[in-house]
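Okay, here's what each chain looks like letter by letter:
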Amino acid sequence: MSKVCQITGKRPQSGNNVSHANNKTKRRFYPNLFKKRFYIPEEDRWVTLKVSSTALKTINKIGLAATLKKAKEKGTLSL
C-alpha cells in the first residue's frame, strides 16, 4: 500500500538525519495517514479512504461530499 493521502495527495518527503557530530544520512518523513471508513448518504454506501490528519480536519470543516468533489477535480482521488 502506498503512503499517499487520497484527499490531499500528501506523499513522503525526503530529508536528513543530522547527528550531534553533524553527520547526515538520508531519511523519509511520512504523512500522518489513517485508513478510515466514511458514509456517503447521497450514494447510500460506505467508502474506505486513506486520509491524512489534515484531510480529516478538512472533511469535518466543509463536509465529505465537497471534499470528495475537490479531490476528484484535483486528481488525487480514484474511486
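Not measured: the values here are computed from a predicted model.

A.B. asks: Is there a simple way to think about the overall build of the protein in this case?
C.D. replies: Counting its regular elements, the protein contains 2 helices and 4 strands. Starting at the N terminus and walking to the C terminus, you meet the elements of the protein as β-β-β-β-α-α. Whereas a compact globule of 79 residues would reach a radius of gyration of roughly 12 Å, the protein reaches 16 Å, over 25% beyond that. The principal-axis extent of the C-alpha atoms belonging to the protein is close to 55 × 20 × 20 Å.

A.B. asks: Help me out: how do you make sense of helix 2 (residues 64–74) in this one?
C.D. replies: Each turn of an α-helix holds 3.6 residues, which means side chains three or four residues apart point in the same direction. The complete set of buried residues in helix 2 reads Leu64, Thr67, Leu68 and Ala71. The arc that holds the buried residues of helix 2, viewed along the axis, is 100 degrees, so those residues lie on one side. Projecting away from the buried face of helix 2 at angles above 90 degrees are the exposed residues Lys69, Lys70 and Glu73. The secondary structure elements touched by the buried residues of helix 2 are strand 3 (33–40), strand 4 (45–52) and helix 1 (53–62). Backbone geometry just after helix 2 places Gly75 at a positive phi near 95 degrees.

A.B. asks: Quick question: what am I supposed to make of the side chain of Thr67 here?
C.D. replies: Along the chain, the position of Thr67 falls in helix 2. Taking the relative accessible area as the measure of exposure, Thr67 reaches 3% and is therefore buried. Apart from the residues lying within four places of it in its own chain, the contact partners of Thr67 are Ile7, Thr58, Ile59 and Ile62.

A.B. asks: Just to check I follow, could you spell out the side chain of Lys50 for this structure?
C.D. replies: Here Lys50 lies in strand 4. Although Lys50 is buried, it makes no salt bridge; Glu43 carries the closest opposite charge, 21 Å away. Of the polar contacts made by the side chain of Lys50, one reaches the backbone oxygen of Ser2; its length is 2.8 Å.

Calculation criteria
Residues numbered from 1 in each chain as written. Predicted model: local features only at pLDDT ≥ 70, side-chain atom pairs only at ≥ 80, totals over all residues. Heavy atoms only, no water. Helix = DSSP H or I, 4+ residues; strand = E, 2+ residues; numbered from the N terminus. Rg over C-alpha atoms; globule rule 2.2 N^0.38 Å. Buried < 20%, exposed > 50% of the residue type's maximum accessible area, 1.4 Å probe, protein only. Arc of directions from axis to C-beta. Contact = heavy atoms within 4.5 Å. Lys, Arg positive; Asp, Glu negative; His and termini not counted. Salt bridge = Lys/Arg side-chain N within 4 Å of Asp/Glu carboxyl O. Polar contact = N/O pair within 3.5 Å; in protein donor to acceptor, adjacent residues only side chain to side chain.

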